[in-house]
Each structure stands twice: as C-alpha cells, then as structure tokens.
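Survey of secondary and tertiary structure
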There are 2 protein chains.
Amino acid sequence: MEKDNREFLLNLLKEKNAKQLREELMKYNEADIAEFIEEIDEVQTLAVFRILPKDIASEVFAYFDPDMKLYLLNLMTNVELTEIVDDLYIDDFVDMLEELPANIVKRVMKDINPEKRNIINQYLQYPEESAGSIMTAEFIDIKKSMTVGQTLERIRKVGMKSETVYTLYITDESRKLEGYLSIRTILKNDESVVVETLMEEDVIYANTFDDQEDIAKLFKKYGFLAIPVVDNEKRLVGVVTFDDAVDVMQEESTEDFELMAAMTPSEKPYLKSSVLEIAKNRFVWLIILLLTATITGSIISKYEQILTAVTGVIAFLPMIIGTGGNAGSQSSTIVIRGLSIGEIELKDYPRVFVKELGVSLIVGIGLALFNYIRIIIFGGSADIALTVSLTLVFTILIAKSVGGLLPIIAQKLNMDPAVMAAPLITTIVDTLSLIIYVIFVSLILI
Amino acid sequence: MEKDNREFLLNLLKEKNAKQLREELMKYNEADIAEFIEEIDEVQTLAVFRILPKDIASEVFAYFDPDMKLYLLNLMTNVELTEIVDDLYIDDFVDMLEELPANIVKRVMKDINPEKRNIINQYLQYPEESAGSIMTAEFIDIKKSMTVGQTLERIRKVGMKSETVYTLYITDESRKLEGYLSIRTILKNDESVVVETLMEEDVIYANTFDDQEDIAKLFKKYGFLAIPVVDNEKRLVGVVTFDDAVDVMQEESTEDFELMAAMTPSEKPYLKSSVLEIAKNRFVWLIILLLTATITGSIISKYEQILTAVTGVIAFLPMIIGTGGNAGSQSSTIVIRGLSIGEIELKDYPRVFVKELGVSLIVGIGLALFNYIRIIIFGGSADIALTVSLTLVFTILIAKSVGGLLPIIAQKLNMDPAVMAAPLITTIVDTLSLIIYVIFVSLILI
C-alpha cells in the first residue's frame, strides 16, 4: 500500500467514516488489508476489522501475525469467533491453534462442528515439520468413472471450499490415490469424455510423515502447484499447496542461516522475540565454542616460549588463524548450501575433496606469495616471511579439506550439515593452523 | 526414480528394446525422465532422447542442465532442433540462449518464426535479474466485455500454449492491464455472465524493470500463482509464474550464503564450476580480509611487550577474539536474514540496537562469570580471571552492536547487507577486542 493511500484510509478512520472506509478497503488485496489493520492504533483494530464483510474478514484474519490473532480473538464475541474460524482452511486453523494459549484454544474449539473438530484433532497429531502438519484437508477428489461434465459439476460444488482447484485427484472406492488431472486438461476436453482416459497415473505424492523439507524439494524439482499427501495405506488425506511449500523453503533457509552462525533456530521473528529468548538461543553455542577455543589457548600456553622467542612472530597469529577460518568457512558454506538444495549429494564427496584440494593449492600459493612480498616490502625478515607463507599454504589446505568434508560427514551421520559451519570450522582450523605455525617457527626461526 | 526402476530402464537400454523403454519412460514425470537421461552414458543420451514423443521431448529438454542442452543441440539435426525449441516457453528459451555459445545461438535462432524471434530479442534486452528477464510471454488475456462462455472458449483455444491458465488478465483495447480473474471464479459462474461483473480490479503487478527479488517478495506476501508484468505504459507484456519465483528465492538465498562466507556469488553450480573459477571467487575476498587482519597484527606488534609481560595473558587471546567474532556474526546474520526476507526494515534500527544491547549484557555477563570460575578452578590467578572476564563483557557488547548495526547501515547506503557478514565483522571485532584486552591488561595486570 502506498503511503498516500494509507494516509487517505487513516483519515477516513479518524473521521469515523465507516461506510467509505469499508468501500476503500475493499479495493485492496486481503494481505494489504491485514497489513493496514496491523499498523493502526491497537484500540481501533477490532472496530476496523468489524466493518469488513464476513467472507473477507476471515481471509484477512488468516494473514494476521499470531499476536494480532490472539488480541482479536480475546475481544470477539463467541458468535463472531465461530464465524471467523469456521471459514479458515484447516491448515491455517491448525497453525493458529498451535500458537494460541490453552484457554483460547478451548473457546475456539467449543463451537466448531464435530466433523471439523475430528479432522483438526488428527492434524494436531502429525509431528512438527511433517507433510501432515502443513497439508490442507480441502481438495477435490473425483472418481475415474466420472465424465468431464460431472467433474466440472463437482468443482462448482466443492471448489469454493477447496484451497486449490487446479489439480484434481482421482481416488478409488477405498480412497486410495490412483492418479491426477489438471484443470487445464478438463477444460480442453468435451463434457462427455471419461476421466479415466485423461488421468495421469505417474502421480508424485508424499506420506503424512515425510519431512516438510523433502516436500519442498519435490515442488522445486517438478514445479507442481500442489502435491497430494497419503497415509500408510496410500489413502489420500490432504494436499500441500505451493504457497505452504514456499514458506517451508524460506523457513528451512532461515534455519540454516541461524545454525551456521551458531544459534539455536527459532520460529519466532527476531523483532517479536524477547531479549531473554534471543540470549538463550545464542548463549549455549557461545559457551561451547568458548570451551573449544581454550584448546587453542592451551597450545599457546605450551609453546609460548617458541612463539615469543623471535619478535614479530606472534603478531602474524591473528592473520593466519583469521585466513584459515575464512578459507574453511568458504568451503563449508558452499558444501552445506549444496547439500541443502540438492546440488551436492553424499556420493559426490570424492569430487568435492578433489575440487577443494585444487582450489586450496591455487588460493594457498597465491596468498602465500602475496604475503611473502608484502612482508619483505614492509621490512620484515625473509625468514619470517617464509615461515608465515609456508604456514598459510598448509593452513588453507587443511582448512578447505576440513570445511569441505565435515558437512558431508555430518550428513552421513544423519546430523544437520549446517552445524558444521563457520564457527565450528573456525575453531577447529584455529587449533590446526596454530600447530602448523608452531612447527614452522621452530623449524625455520629457532 | 527408485533404484530398482532405474536398473530396469537401464536393462531395457542395454537390450536396445526401444519400444518398451519408451513405454516405460512415459510412466514418469518429465523431470524424472530428464534426470534419467542425464545419468546414463553420454554416448547414448541422444538415442534415448530421440525415442521420446515430440511433445514430451521438449518438456524433458527444458529440465536438462545447460551442459546437457548444449551437448544435445550440437548433435541434433536442424529439423529436430527447430521442433524442440519451437515448443519451449519463451522464458525457458531465453534462459537457454543466455547460456549457449554464440555459434549455437545462431543456429537455434535461424529457423525460428519471425514473430517469436522478435519477442525473444525483446526479452534479451531486459536487464539480468529483472522481472522482464524471468517472465513468460504465454498468458491468457481477455476483454471485460466477454462472457464466461467466451472466456472458456478462449482458454480452450490458447490455454494449451499458455504456461498458466489459472489466472486470466483483463486488458483494454490498448493492452493496458485492467484487472484479473481466477479460473475458480469462471468455473463457478454461468456462461452468460459478463467478465466485467466478476473481475477484480486491485491487481498486483510488476514492471519489467523491477528487481526479481521484489517480485519474489510479492509472491511470498500474497500467495499468488502468477504476477502480471507491465511496461512503462502499464501494457501487459508478460507473467511471472510461481515456479520462476521459487527459483529466484532459492537463488537469492544462495547468493546471500555465498556473500556471507566471503565469496563472490556464482550462478554456476559448485560441481559444474572449474577449480579455477571457484578459486577466483574466493581469492579476492581472502586477500581483502588478510589485509584487514594485518591491522590486528600491527596492534599486537605495538603492544607485544604488554601482552607478553605476564605469562598466560597471550594464551587467552584466541578465545577472546574467537568469542567476539562469534557473538558479532550471530547478530549480523540475524539482521541480514531479517532484512532479506522483510522481517526487519530500515526504520527498525533503534529496536535492533536496543535488543542487541540487552542480549549482549545478558550473554556477556553470563560468559564472563562462567569464564571467571573456569579460570579460577584451573588454577589461574584472580587478576587474570578478572582481566579476561571484563574484556569478554566489553568485547561482546561491541561485537553485537557492530554486528547488529553494520548490515542496516549497508542497506541504508544501498549496498547488499550480506557483505557485512561473519568474515568482515570478525575482522573488525578482532581489532576492537584486542584493543580492549590490551587496555584491561595494562590497567589490572601491569
């Protein structure tokens, strides 16, 4: 919504011109209406929400963030509440329930019709981040004996309550999934044609217990608008739509970003999280890394005499361990991201190893030469220049091997490769590069 | 494709049983067929590709990676080539052209019909990463005077050549975009109803020159299947479909991951890039960071006497700068990701600052206490424990402020915030924490 348009709406609100405000709001998409309501003064939100027509209201409601939903649910009458939540799609409904406190959940569930309540209870039992937890129960299923005309009739009847009408699923008498058909095919055929002659049997489907990340990969691979979800008996129980898959992709990327920067992933947006929650997600990792870093400290303690015997040696230490850490985290980031979007697979580890080896030789020798010349130009001794440069070559070699392979090993051990990211790699490489430095210092300088 | 199924297909291939192989392949989705062909022995690929029916062949072709496309195009006859590329959607076609060497492009463009060639030439002029470069020219536009019946007729006529038939766009006589209509609305209405009474006028659209990242955000916000793209006169020229938006989201996330690990982003997948290409993308950043790290080195040189005056002081240095770097990159990662998915906006910077301040006090004091006790338990002196712990508190305070604010400042200066990630933050924080340490060492220990 443009700033001018918002000002205009805010003016109507100030003038309490409900009729025109309603008319003007109707010109916008539901997502924009929700955004507008979220940004006005809290005491006025319910009033504005109430002027919306009923069918629009529940669509707008689905776009609100959890805090706003809770705030409004608390203020609504029971009748209003039932009207709003009855119109929500099952998956949006379940998402909402999972974020509400128990007393509100009770109030919301009280007046829901028993059939819907059963479906919802079943949904609540699917594990978090499973296909079952993100699917919707509103889809169009048809029988293969139906004609195109009968199918169109069915779409007209149930289509409006279905989250997606673009793909139709064919099931047998025991609700087992047999095939699919796109609305495109229906539209180009005569009303008398039988579905069985049109349907595609190579249907790509997921199980309710599949990981949501795998579902997102299916969407990515095939470009579908929806993917059907079946139970263990291959009975069709729901459909994941592409917009939910997009949410999953974004969520999973964000999780990777957080893990890779040594934080416990959180589903709550940063600005909505309390300082204490954020601190908690960061503290544990910092402690772990701090303890790991003390290994480096004890190596320095042990070899302090070697490192301080020649003036100037210790000054290069931050540059060496810094470069090692950076080189290692470049490799681990590429491999973690590659594994996560499926560009790299477990079986590719020899190719990754060879590539990282080649890259580290080029980069290592290049940096070492650059560094050698730099030290000489700035008046350093040739011996120190040689020591530092040799250390750099071996540090980068080890950093890139460790960075390239640890994420693959993590995947192999069924851990999240994102754990093997910059912070951990850096700590490991710190120690190794320090040892290499101590060795070269004692070989060349002492 | 399951392993057993692949083995079965490979057997048919070995037996040269083309007829059955074709039949079996037809049971799979085009994406799976493409995957199968990419994995067989290169000399057999053209033969297998040739047994596919014509309409399937071009869909499979669109799924191939650039190397495979080039390989096959080189082997195809001119007739085959024209058949295949004629059936590609404009956006897939243009994507392909951009990846092919000039001589092949010439061959491909030679037999294209002039109308299509004009459209393609126009597409090639849109800037990279713009809406124009990812849109498709195949969409269904209707007039508001048409009836539902006439619309269905039009879908039947042009629908099969349209990449998406699920949203229809209404344009006036000068092709200006007036509104949209979902197929769902068409299906539920009588054939005699006029489009004008059904169409939605609050159409969300993009301009050909808009950044693809902004388009992806529109998909995320509204959950649309397609977004129309207009030129500067608001004439409808194309449509971006959700699958292209999903590609953009993934691409942009990958770019952030690469930038945040100090690499020049590359569009080429890791395993397809040469060692030299990879080395180039990493080398420049490592040099820059190495030079920045020398600042730390010169500070150590300057204060080497202070840092080595008391035994044990230098041993804590890696832990202190490591913790500072980790604390800073936690903050910068959260803010960079938040800015990139729109959870944090420029105007939020005071809130970010206050949050990071609060978090750093809790985390800093927590870590300092933990560390104080640890040093005492392991027999360290109380003075050293106090020095190290005080340094930690201030290091984390500064690290989190720098990490939280630099990405916002970068955004403000129209730079990519992802540049202000772990490697750079770490280097800056290294220097600052070292200075803090030197100050406390000279205040308390000397």
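Just so we're clear, the structure is a prediction, and the values are computed from it rather than from any experiment.

**What about the pattern of salt bridges?**
For the coordinates displayed, the defined rule picks out 36 salt bridges over all chains. Among the salt bridges present, the one from Arg282(B) reaches Glu356(A), with a minimum N-O distance of 2.9 Å. Here the residue Arg282(B) occupies a position in helix α17 (residues 275–302), and Glu356(A) occupies one in helix α20 (residues 349–377), the pair thus bridging two chains. Take Arg282(B) and Glu356(A): they sit in the same class, and that class is buried. In this structure, the salt-bridge partner of Glu277(B) is Lys268(B), at a minimum N-O distance of 3.3 Å. Look at Glu277(B) and you get partly exposed, because its relative accessible area is 32%. For Lys268(B), a relative accessible area of 41% puts it in the partly exposed group. Members of the salt-bridge network, linked through shared partners, are Glu345(A), Lys347(A), Asp348(A) and Arg351(A).

**Digging into the interface of chain B and chain A**
Facing 106 residues of chain B, the contacting portion of chain A comprises 106 residues. Between chain B and chain A the total buried area reaches about 9900 Å² when both faces are included, carbon and sulfur atoms providing 69% of it. Viewed at the interface, chain A and chain B are joined by 8 salt bridges. With a shortest N-O distance of 3.3 Å, Lys221(B) and Glu35(A) are connected by a salt bridge. Counting across the interface, chain B meets chain A through 34 residue pairs in polar contact (both at pLDDT 80 or more). Counting residues per element, the side of chain B that touches chain A draws most heavily on α17(B), at 18 residues. Of the residues that constitute the side of chain B that touches chain A, the class distribution is 56 nonpolar, 26 polar and 24 charged.

**Some words on helix α9 (residues 102–110) of chain A**
Residues spaced three or four apart along an α-helix face the same direction, because each turn holds 3.6 residues. Residue and element names in this part refer to chain A. By the burial criterion, the buried members of α9 are Ile104, Val108 and Met109. An end-on view of α9 places all buried positions within 130° of arc, on one side of the element. Across from the buried face of α9, at angles greater than 90 degrees, the exposed residues are Ala102, Asn103 and Lys106.

**Digging into the packing of aromatic side chains**
Tallied over the full model, the rule gives 17 aromatic pairs over all chains. For the pair Phe49(A) and Phe64(A), a centre-to-centre distance of 5.8 Å together with 55° between the ring planes defines the contact as tilted. Remark: Phe64(A) occurs in the loop between α5 (54–63) and α6 (66–75) and Phe49(A) occurs in helix α4 (residues 42–51); sequence separation between them is 15 residues. Like Phe49(A), the residue Phe64(A) is buried in the burial classification. The interplanar angle of 50° and the centroid separation of 6.1 Å between the aromatic rings of Phe49(B) and Phe61(B) together place this pair among those described as tilted. Remark: Phe61(B) occurs in helix α5 (residues 54–63) and Phe49(B) occurs in helix α4 (residues 42–51); sequence separation between them is 12 residues. Phe61(B) carries the same exposure label as Phe49(B), and that label is buried. Chaining the aromatic ring pairs together yields one cluster made of Phe49(A), Phe61(A) and Phe64(A).

**Side note on a negative patch on the surface**
Residue and element names in this part refer to chain A. A cluster of acidic side chains, namely Asp95, Glu98, Glu99, Glu128, Glu251 and Glu267, defines a negative patch on the protein surface. Sorting elements by how many residues they give to the negative patch places helix α8 (residues 90–99) first, with 3 residues. Considering the arrangement of structural elements, one finds glutamate 99 in helix α8.

**Quick notes on the packing of helix α1 (residues 3–14) of chain B against helix α2 (residues 18–25) of chain B**
All names here are of chain B. Between α1 and α2, the least distance of the axes is 8 Å, while the angle of their chain directions is 155°. By the angle between their axes, α1 is roughly antiparallel relative to α2. The two elements α1 and α2 meet at a crossing, and its hand is left-handed. Contacts between α1 and α2 involve Phe8, Leu9, Leu12 and Leu13 from the former and Gln20, Leu21, Glu24 and Leu25 from the latter. Grouping the constituent residues of the contact of α1 with α2 by class yields 6 nonpolar, 1 polar and 1 charged.

**A short note on the UniProt feature "domain: CBS" (unreviewed entry) in chain A**
According to UniProt, the "domain: CBS" (unreviewed entry) feature falls on residues 199–255 of chain A. Spanning residues 199–255 of chain A, this segment combines 44% helix with 23% strand, and its end C-alpha atoms are found 39 Å apart.

**Structural notes on the UniProt feature "transmembrane region" (unreviewed entry) in chain A**
Residues and elements named next belong to chain A. The sites that UniProt annotates as "transmembrane region" (unreviewed entry) are residues 283–300, 306–327, 357–378, 384–409 and 421–445. This span, residues 306–327, is 68% helix and 0% strand, and a straight line between its end C-alpha atoms measures 26 Å. Annotation note: span residues 357–378, helix share 95%, strand share 0%, distance between end C-alpha atoms 31 Å.

**Some words on the nonpolar core**
Among the nonpolar cores identified, the biggest contains 178 residues, and Phe49(A) and Phe49(B) are the most heavily contacted of them. Discounting residues that sit within four places of it in the chain, Phe49(A) has contacts with Ile37(A), Ala57(A), Val60(A), Phe61(A), Phe64(A), Leu72(A), Met76(A) and Ile84(A). By size, the runner-up hydrophobic cluster in this structure holds 118 residues, among which are Val359(A), Ala418(A), Val429(B) and Leu434(B).

**Considering unusual backbone geometry**
If you check the backbone angles, Lys234(A) has positive phi at about 65° while not being a glycine. Secondary-structure assignment places Lys234(A) in the loop between β5 (226–230) and β6 (236–241). In this structure, Ala262(B) takes a positive phi of about 60° despite not being glycine. Examined against the element boundaries, Ala262(B) turns out to sit in the loop between α16 (242–260) and α17.

Criteria and cut-off values
Residues numbered from 1 in each chain as written. Chains lettered and ligands numbered in written order. Predicted model: local features only at pLDDT ≥ 70, side-chain atom pairs only at ≥ 80, totals over all residues. Heavy atoms only, no water. Salt bridge = Lys/Arg side-chain N within 4 Å of Asp/Glu carboxyl O. Helix = DSSP H or I, 4+ residues; strand = E, 2+ residues; numbered from the N terminus. Buried < 20%, exposed > 50% of the residue type's maximum accessible area, 1.4 Å probe, protein only. Contact = heavy atoms within 4.5 Å. Buried area = accessible area lost by both parts, 1.4 Å probe. Polar contact = N/O pair within 3.5 Å; in protein donor to acceptor, adjacent residues only side chain to side chain. Nonpolar A, V, L, I, M, F, W, Y, C, P; charged D, E, K, R; others polar. Arc of directions from axis to C-beta. Phe/Tyr/Trp six-rings, centres within 6.5 Å; stacked < 30°, edge-to-face > 60°. Patch = residues over 30% accessible without salt bridge, like charges linked within 9 Å, V, L, I, M, F, W, Y side chains within 5 Å. Areas by Shrake-Rupley, 256 points an atom, 1.4 Å probe, with all protein chains shown as cover. Lys, Arg positive; Asp, Glu negative; His and termini not counted. Charge placed at Lys NZ, Arg CZ, Asp CG, Glu CD. Axes fitted to C-alpha atoms, helices over the stretch in contact; angles between N-to-C directions. Parallel < 35°, antiparallel > 145°, perpendicular 65-115°, else oblique. Left-handed = near helix turned anticlockwise from the far one by under 90°. UniProt positions renumbered as here; feature names shortened; annotations may be inferred. Core = buried A, V, L, I, M, F, W, Y, C linked by side-chain atoms within 4.5 Å.

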